[in-house]
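Structural features, examined
As a plain string of letters, each chain reads:
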Amino acid sequence: MRTGEVEVHASRGKNARPDDLAFIRDRRVGRLATADTQGQPSVVPVVYANFTLDDEPVIAIAIDEKPKGNLRALRRVRNIVERPEVALVIDEYHEDWDALAWVLVRGSASLIEPGDAGHAEALAALRQKYPQYVRMRLEERPAIVIRHLSTRSWRGAGLDHDEQPALRPGREELAALVRGRRSVRAFETRSVPRAIVEEAIAAAGWAPSPHGRQPWRFVVVESQERRDALADAMAETWRAQLRLDGQHESIVEARLEKSRDRLQRAPVLIVACLYLEGLDAYPDADRQHAEETMAIQSLGAAVQNLLLSLYAAGVDGGWMCAPLFCPEVVQAALGLDQTLDPHALIAIGYAASDPVRRPRLPLNELIVDWQ
Ligand SMILES: Cc1cc2nc3c(=O)[nH]c(=O)nc-3n(C[C@H](O)[C@H](O)[C@H](O)COP(=O)(O)O)c2cc1C
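Residues numbered from 1 in each chain as written. Predicted model: local features only at pLDDT ≥ 70, side-chain atom pairs only at ≥ 80, totals over all residues. Heavy atoms only, no water.

1. Thoughts on the site of the ligand
For the ligand, the full set of nearby residues is Arg-181, Arg-182, Ser-183, Arg-185, Arg-262, Trp-319, Met-320, Cys-321, Arg-357, Arg-358 and Arg-360. At 3.2 Å, a backbone N or O of Trp-319 approaches a nitrogen atom of the ligand. Between the ligand and Cys-321 there is a distance of 2.9 Å, counted from an oxygen atom to a backbone nitrogen or oxygen. Considering the ligand on its own, with 620 Å² of exposed area, one finds that the protein chains cover 65% of that surface. For the shell around the ligand, the residue count by class is three nonpolar, one polar and seven charged. (Near = heavy atom within 4 Å. Polar contact = N/O pair within 3.5 Å; in protein donor to acceptor, adjacent residues only side chain to side chain. Areas by Shrake-Rupley, 256 points an atom, 1.4 Å probe, with all protein chains shown as cover. Nonpolar A, V, L, I, M, F, W, Y, C, P; charged D, E, K, R; others polar.)

In structure tokens form, the structure reads like this:
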């Protein structure tokens, strides 16, 4: 890389550039450097969240390890207590070196104790970013907060900062996820870690929605008992519907068996429900219908986020439309509130084999007009 191809931004004093803060916010891991009084350095990878505290941008880092002794014996904690100056590097690697980027943050770190000002805000920011923290008992632990931030950043020439002030996460990775996601209908029996399911549902929650009302809720079905109840109830309805279609009894039974098997084998089922409670109500049917259509469109966007998040974690999903044909049956089988309207069942797990993909329309068929 030649120096002519890079840009360097330096901000002095207590200024952290907004685009550097956006870069930091959109990344998930950094390397925290501390030093002891002798100047002996130490670097550890950390997850972090940046947020505003007392009108000042700050960065919070949880202390989530369980050291055998006192957590204050952790080197980074000892170092911070002895010497608050720290540096945190957040970087992005691409094979295309014109797209490389990093931000170096310097600041003053301290421990905030449970009950101290900023402790609750730090945990909230960390939990919003990392669902894994939701279930950890961080309330009883001190956290690290870095204040008086200044940033210095470096980005490859391929990124035009005037046009693109906040660097977006990797385009290539996104393309790989979007194209790689596939519908899987047969799974291995091994279970899916809870954190992966939580992260996927959190990703669903980031989908666009009408008026930002988030008209969706998710029900996770994992126990054998609930899975049986759901499979039995849906099979009954489907049996009646297939008979109504005049299907031969042997075909009816074979299709039911296949569907039941699918529900039984997937380690986790997620029922995506439409939730219209927060939506606007209109006096006329047309606008009311449009409002509900928007909510359904939005539910589809949420499910796609969920599937992409799962796929990124190595887990696949199979979208089943069955609940749409018997929402009350699903509500009754799972004991759901009337406000939850089951629209889709997503069976998730580790793929037993790679499915055959359906070909996609070429771009010139997708775009029907552009002038
Ligand atoms: C709204 C919707 C409902 C679907 N319902 C079912 C279903 O009931 N059973 C099924 O096997 N696949 C279902 N699918 C998955 C599609 O068959 C699948 O997405 C399509 O064949 C393309 O394959 P791919 O997802 O691997 O790209 C559904 C997909 C969507 C978007």
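Right, picking up where we left off after that structure.
2. Here's the deal with the layout of surface pockets
When its volume is computed, the second largest pocket comes out at roughly 710 Å³. Forming the boundary of the second largest pocket are 26 residues, of which Trp-238, Arg-255, Ser-259, Arg-262 and Met-320 lie nearest the centre. Looking at the lining of the second largest pocket, the elements that each hand over two or more residues are helix H6 (224-244), helix H7 (249-265) and strand S11 (316-320). It is H7 that provides the largest number of residues to the lining of the second largest pocket, a total of nine residues. The residue makeup of the lining of the second largest pocket, split by class, is 15 nonpolar, four polar and seven charged. (1 Å grid on protein atoms, 1.4 Å probe; cavity = no way out; pocket = protein on both sides within 12 Å on 5 of 7 lines; lining within 4 Å. Points joined across faces, edges and corners; volume = space filled by probe spheres on them. Helix = DSSP H or I, 4+ residues; strand = E, 2+ residues; numbered from the N terminus.)

3. Looking at the pattern of salt bridges
All chains considered together, the criterion is met by 21 salt bridges. The partner of Glu-85 in a salt bridge is Arg-83, with the nearest N and O atoms 3.8 Å apart. Note that Arg-194 and Glu-198 form a salt bridge whose closest N and O atoms lie 3.0 Å from each other. Residue Arg-194 and its partner Glu-198 are located together in helix H5 (residues 194-204), separated by four residues, close to a single helical turn. With a relative accessible area of 54%, Arg-194 lands in the exposed category. Because the salt bridges share partners, they merge into one network encompassing Arg-17, Asp-19, Asp-20 and Arg-155. (Salt bridge = Lys/Arg side-chain N within 4 Å of Asp/Glu carboxyl O. Buried < 20%, exposed > 50% of the residue type's maximum accessible area, 1.4 Å probe, protein only.)

4. A few points about the packing of aromatic side chains
A complete count under the given rule lists two aromatic pairs for this structure. Between Trp-102 and Trp-154 the ring centres are 6.4 Å apart and the planes differ by 5 degrees, which places this aromatic pair in the stacked class. Separated by 52 residues along the polypeptide, Trp-102 in strand S7 (residues 101-112) and Trp-154 in strand S8 (residues 143-156) bring together distant segments of the chain. Judged by relative accessible area, Trp-154 falls into the buried class, the value being 14%. The ring of Phe-23 has Arg-27 sitting right over it, with the charged end atom 4.0 Å from the ring centre. Just above the ring of Tyr-350 sits the side chain of Arg-190; from NZ or CZ to the centre is 3.8 Å. (Phe/Tyr/Trp six-rings, centres within 6.5 Å; stacked < 30°, edge-to-face > 60°. Lys NZ or Arg CZ within 6 Å of the ring centre and 35° of its normal.)

5. Observations concerning helix H2 (residues 75-82)
Of all the positions in H2, only Arg-76, Val-77, Asn-79 and Ile-80 are classed as buried. The buried residues of H2 all sit within an arc of 165 degrees when viewed along its axis, so they share a single face. Where the residues of H2 are buried, they touch strand S2 (30-35), strand S3 (41-46), strand S6 (85-92), S7 and S8. (Arc of directions from axis to C-beta. Contact = heavy atoms within 4.5 Å.)

6. Let's talk about the confidence of the model for the protein
Considering every residue of the protein, the mean pLDDT works out to 89; 92% of them sit at 70 or more. Considering only residues more than four positions removed or in separate chains, one finds that residues 161-166, a stretch of pLDDT under 50, has six contacts. (pLDDT = per-residue confidence, 0-100.)

7. Re the nonpolar core
Ile-24, Leu-32, Ile-59, Ile-61, Ile-144 and Ile-146 are the most contacted members of the largest nonpolar core, which has 42 residues in total. The biggest single contributor to this core is S7, with six residues. Residue contacts for Ile-24: discarding those within four places in its chain leaves Tyr-48, Asn-50, Ile-59, Ile-90, Val-103, Val-105, Lys-129 and Thr-151. In terms of nonpolar packing, the next biggest core, distinct from the first, is built from 25 residues, Ala-207, Trp-216, Phe-218 and Ile-346 among them. (Core = buried A, V, L, I, M, F, W, Y, C linked by side-chain atoms within 4.5 Å.)

8. Re the environment of Ala-322
Of note, Ala-322 is situated in the loop between S11 and helix H9 (327-334). Residue Ala-322 is classed as partly exposed on the basis of its relative accessible area, which comes to 28%. A C-alpha to C-alpha distance of 36 Å links Ala-322 and Met-136, two positions 186 residues apart in sequence.

9. Side note on the side chain of Ser-153
Within the secondary structure layout, Ser-153 lies in strand S8. Look at Ser-153 and you get buried, because its relative accessible area is 0%.

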